Amino acid sequence: MMRIIFGALLGLCVAYPTLAAILVAALGTIVVAAATYPPLLVAAAGVWAWPRITRTVRGWTA
């Protein structure tokens, strides 16, 4: 599913260059927010890592 969404987004960015500029600006805003507010970065890392941690250590989740 993520491949389809990524492919559609990439296709739109190629078809509409202004959309690519908006996307880059939005990603820049997210990076600046994460850099200036570290708890946001830690929360995002936790959300990303939790499935990998639970697969590694069985029995942590019900």
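Going by the structure above, here's the rest.
Residues numbered from 1 in each chain as written. Predicted model: local features only at pLDDT ≥ 70, side-chain atom pairs only at ≥ 80, totals over all residues. Heavy atoms only, no water.

A. Highlighting the overall build of the chain. The number of helices and strands found in the chain is three helices and zero strands. Element order for the chain, N to C, with α for helix and β for strand: α-α-α. Taken against the 2.2 N^0.38 rule, which gives 11 Å for 62 residues, the C-alpha radius of gyration of the chain at 16 Å runs more than 25% over that of a compact globule. Expressed as a percentage of its 62 residues, the buried residues of the chain come to 6%. (Helix = DSSP H or I, 4+ residues; strand = E, 2+ residues; numbered from the N terminus. Rg over C-alpha atoms; globule rule 2.2 N^0.38 Å. Buried < 20%, exposed > 50% of the residue type's maximum accessible area, 1.4 Å probe, protein only.)

B. Fine view of helix H3 (residues 38–56). For H3, spanning 19 residues, the distance from its first C-alpha to its last is 26 Å, which sits close to the expected 27 Å at 1.5 Å a residue. The sharpest bend along H3 comes to roughly 40 degrees, located at Ala49, with the proline Pro51 sitting one to four residues further on. (Expected span 1.5 Å × (residues − 1). Bend = angle between axes of the 7 residues up to and from the residue.)

C. Main features of a nonpolar patch on the surface. Residues Met1, Met2, Ile4 and Ile5 make up a contiguous nonpolar surface patch of about 520 Å² in total accessible area. Here Met1 is to be found in the segment before helix H1 (2–15). Residue Met1 is classed as exposed on the basis of its relative accessible area, which comes to 74%. (Patch = residues over 30% accessible without salt bridge, like charges linked within 9 Å, V, L, I, M, F, W, Y side chains within 5 Å. Areas by Shrake-Rupley, 256 points an atom, 1.4 Å probe, with all protein chains shown as cover. Salt bridge = Lys/Arg side-chain N within 4 Å of Asp/Glu carboxyl O.)

D. The environment of Thr54, seen in detail. You can see Thr54 is positioned in helix H3. As for Thr54 and Ile5, which are separated by 49 residues in sequence, their C-alpha atoms are 26 Å apart.

E. How the structure looks around the packing of H1 against helix H2 (residues 17–36). Packing of H1 against H2 leaves a shortest axis separation of 5 Å and a crossing angle of 120 degrees. The angle between H1 and H2 places the two elements in the oblique class. Between H1, through Leu9, Leu12, Cys13, Val14 and Ala15, and H2, the contact on the second element is made entirely by Pro17, Leu19, Ala20 and Leu23. Each residue belonging to the contact of H1 with H2 can be placed in one class, and the counts come to nine nonpolar, no polar and no charged. (Axes fitted to C-alpha atoms, helices over the stretch in contact; angles between N-to-C directions. Parallel < 35°, antiparallel > 145°, perpendicular 65-115°, else oblique. Contact = heavy atoms within 4.5 Å. Nonpolar A, V, L, I, M, F, W, Y, C, P; charged D, E, K, R; others polar.)

F. Fine view of the packing of H2 against H3. It is at 5 Å that the axes of H2 and H3 come closest, and there the two elements cross at 105 degrees. In terms of their interaxial angle, H2 and H3 are classed as roughly perpendicular. Here Ala33, Ala34, Ala35 and Thr36 of H2 come into contact with H3, specifically with Pro38, Leu40 and Leu41. When grouped by side-chain class, the residues that make up the contact of H2 with H3 number six nonpolar, one polar and no charged.

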